[in-house]
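Analysis of the macromolecular model
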Amino acid sequence: MSCLALSLQPTNGSDILLQTREWFPPARALVALSAFRQTRLAFASGKDQSTEDGDTSLGDDPLAASSGQVIVGVESRYRVVYRLVNSIYVLGITTVDQDDSVNNVFECISIVNQAVSVVVTACRGVDVTPEKLSRKYAEIYMALDIVLRGVSNIRLAAMLASMHGDGIAKMVHSAIHTENKIRGADSWINEEVHSVEHEASVEAFSNARFELPPETLEAGDEVAVTLVPTGQSSSIEQQDQQQKPEEDQAEKDPFAASDALNKPEELVGGFKKDKDPSTSDLTKALAGLEVTTLPPAAATESTHIGVEGFEGDYGGIEFSNDGSTLPEDFEGINQAWGGGLDASEFVGPKKVPKSQGLGGLEFLQTGSEAATPAPAAVGAGTPLENILVKKTEMKGPEMYISEEISAEFWESLLARVGLMGVVYLKTMPPKSSDDKETEFSFSIEGTSGVKRVVMQSSRVSSLGNGMFHVRTAPSEEPIPILKYSLLPRLTLLPLRVRLIKRHSGTLLSLMIQFVSNPDLPAPLNDVTFVLKLPVDPTLLKVSPKAVLNRSERELKWHVEEIPLKGTPGRLRARMPVDSSEEEGGEEIEVVCYVKFSYQGTKSLSGVSLRPASEGKTDFYEVNHRYESGVYMCN
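Residues numbered from 1 in each chain as written. Predicted model: local features only at pLDDT ≥ 70, side-chain atom pairs only at ≥ 80, totals over all residues. Heavy atoms only, no water.

Counting 57 residues, the largest nonpolar core has Phe442, Phe529 and Leu531 as the members making the most contacts within it. Discounting residues that sit within four places of it in the chain, Phe442 has contacts with Met399, Gly466, Met467, Phe468, Val470, Ile481, Leu482, Arg610, Pro611, Ala612 and Phe619. The next biggest cluster of nonpolar side chains, apart from the first, holds 30 residues, and it includes Leu17, Val90, Ile146 and Leu148. (Core = buried A, V, L, I, M, F, W, Y, C linked by side-chain atoms within 4.5 Å. Buried < 20%, exposed > 50% of the residue type's maximum accessible area, 1.4 Å probe, protein only. Contact = heavy atoms within 4.5 Å.)

If you trace the four strands from one edge of the open sheet to the other, you get 12-13-10-23, paired in antiparallel fashion. Edge positions in the sheet fall to strand 12 (460-464) and strand 23 (608-611), since each has one partner strand and no second. Taken pair by pair, the neighbouring strands of this sheet meet at an average axis angle of 35 degrees, ignoring direction. As defined by bridge partners, strand 10 (residues 438-445) adjoins strand 13 (residues 467-472) across six bridges and the pair is classed as antiparallel. The residue bridging Phe442 from the neighbouring strand is Phe468, located in strand 13. (Pairing = 2+ DSSP bridges. Helix = DSSP H or I, 4+ residues; strand = E, 2+ residues; numbered from the N terminus. Axes fitted to C-alpha atoms, helices over the stretch in contact; angles between N-to-C directions.)

With omega at -5 degrees, the peptide bond leading from Ser543 into Pro544 counts as cis. Inspection of the secondary structure assignment puts Pro544 in the loop between strand 18 (541-543) and strand 19 (547-549). For Asp526, which is not glycine, the phi dihedral falls at a positive 55 degrees. Within the element layout of this structure, Asp526 appears in strand 17 (residues 524-532). With a relative accessible area of 47%, Asp526 lands in the partly exposed category.

Another aspect to go through is the packing of aromatic side chains. Evaluated as defined, the whole model comprises 14 aromatic pairs. Geometrically, the ring pair formed by Phe36 and Tyr89 is edge-to-face, given 5.7 Å between the ring centres and 75 degrees between the ring planes. Of this pair, Phe36 sits in helix 1 (residues 26-53) while Tyr89 sits in strand 5 (residues 88-95), and the two are 53 residues apart along the sequence. Tyr89 shares its class with Phe36; the two are buried. Judged by centre distance (4.7 Å) and plane angle (35 degrees), the ring pair of Phe514 and Phe529 falls under tilted. Placement of the pair is Phe514 in strand 16 (residues 507-516) and Phe529 in strand 17, with a sequence separation of 15 residues. (Phe/Tyr/Trp six-rings, centres within 6.5 Å; stacked < 30°, edge-to-face > 60°.)

Locating Arg574 in the fold gives a position in strand 21 (residues 569-576). Arg574 sits in the buried class, given a relative accessible area of 2%. Separated by 67 residues in sequence, Arg574 and Leu507 have C-alpha atoms that sit 7.2 Å apart. Separated by 3.4 Å, the side chains of Arg574 and Ser509 make a polar contact. (Polar contact = N/O pair within 3.5 Å; in protein donor to acceptor, adjacent residues only side chain to side chain.)

Below, the structure is given as structure tokens:
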């Protein structure tokens, strides 16, 4: 081991930096540094005492020279190699080895010299002070860590060149391939591609074959036997045996053109006529066909099921010879409500007079004055673009809360629940605000159930007590400025779902029960229930009507509205499955997903937005919204 630790020690004051190897304890390095300091002070006090006595034979302070080495310690002895740069000692600590002391000392001296180069480069000269070292402390720390583990002069020069301009990352990582670049050698990463291509080419050419497959050769031999007379076969075989050694000696060109190119094309002559009379027998041709037998009469009858909640007749096949009529197949088309084809039921014989103005566009307006009709003179002579821009422009910044709730039910028990909310800010458009920054303060109320809040620090700052200050540039899209999560025990469930599964024989019966939370501000509308089926059903009975997606094996119900205080809703499905519960097979897994969304003046979590000061409208609070995330039941 050449050097165990590097340190920077000022002449007056505490140590600035200490870097040690992995196996050398920092406590022992501190003992060596303390012993060096005591030795240096002892030499200095001894020099002062000798000067007072008039004895100057001792000469100058040996530790005040520009460089040197000294052995310190009593029980644990260490050799300290030092260099004095201005008022900073650059120290290298190593062991006192008796056998290999020469190599040990010179290697430690080389590392100390490299550390001096790092310190002088960081301070831009030999005027090294603790203040200058503190400005480049991180760069010096990383550079000395690399120097302590051994570094070549080429890499050291690259590190020193990137210390002031490129930063720590390039100084540490980009210097790995510096020696290869300076010496003109390519790295293995660049050469590996050529090596892989070379190996692939060698393997491809070694496995390449330019011979005909054996099946083709055998077919050619069979044809040759039929064409050659029997008497000449023996003589031809003898000639072939004599010619084989000659052909083996002469190498054939694998890329030579085939003789088959010069042969004329044969179509009918390539087929052989089969004279077997049995081929005309139709019974032999139809012997491999299988005819599916009809099911027995008992299979056409329906089965009565008496399970509670799933009563009814299932299965069965009904045959009827009565053909349906065209009006029955398209029932409702001949009525006006069903999409009648008679235009006189909807349009009168008289022409409807056209109203003046822009056809109602002059009445478009947002805000509290939407109910008041505008006078007819507003739309007269006014361009359409100006009216639309004027009526849809924002009055000021808008804020709203978007929440996503996820829940999982195991039958009727709630297994897990989570709610994530995001506060969005919609600024004035950049064109209308002349790129002026949006800046105001607001407060958040109803945060008793909030578990964690994260804010976008580049746009929002916290003022304490639920007060926040926002400052941002205008944007066309809403900006998320705050995110929060709710405690599970204080999360309000908008919908409770229960999935009941009954497996009786080969019949699987499913029922979904759902009920709304009466504490919701408004009932849920357009709720979708998606039931993941275990198999693609051959027979299926549902109540009420549902949409079946066979490719995804999904069954969807669409509920228009779920009342707040009403009886629980029921969705039923029944289908046959291949496995039976009595056979002891694997349990059939069925999962139900619920999708819903809501917009209103109140958020689901109870969190609300308020202006920082009463009576001042810095922003407008628009409708909040929440939707379902992973809302499932199994």
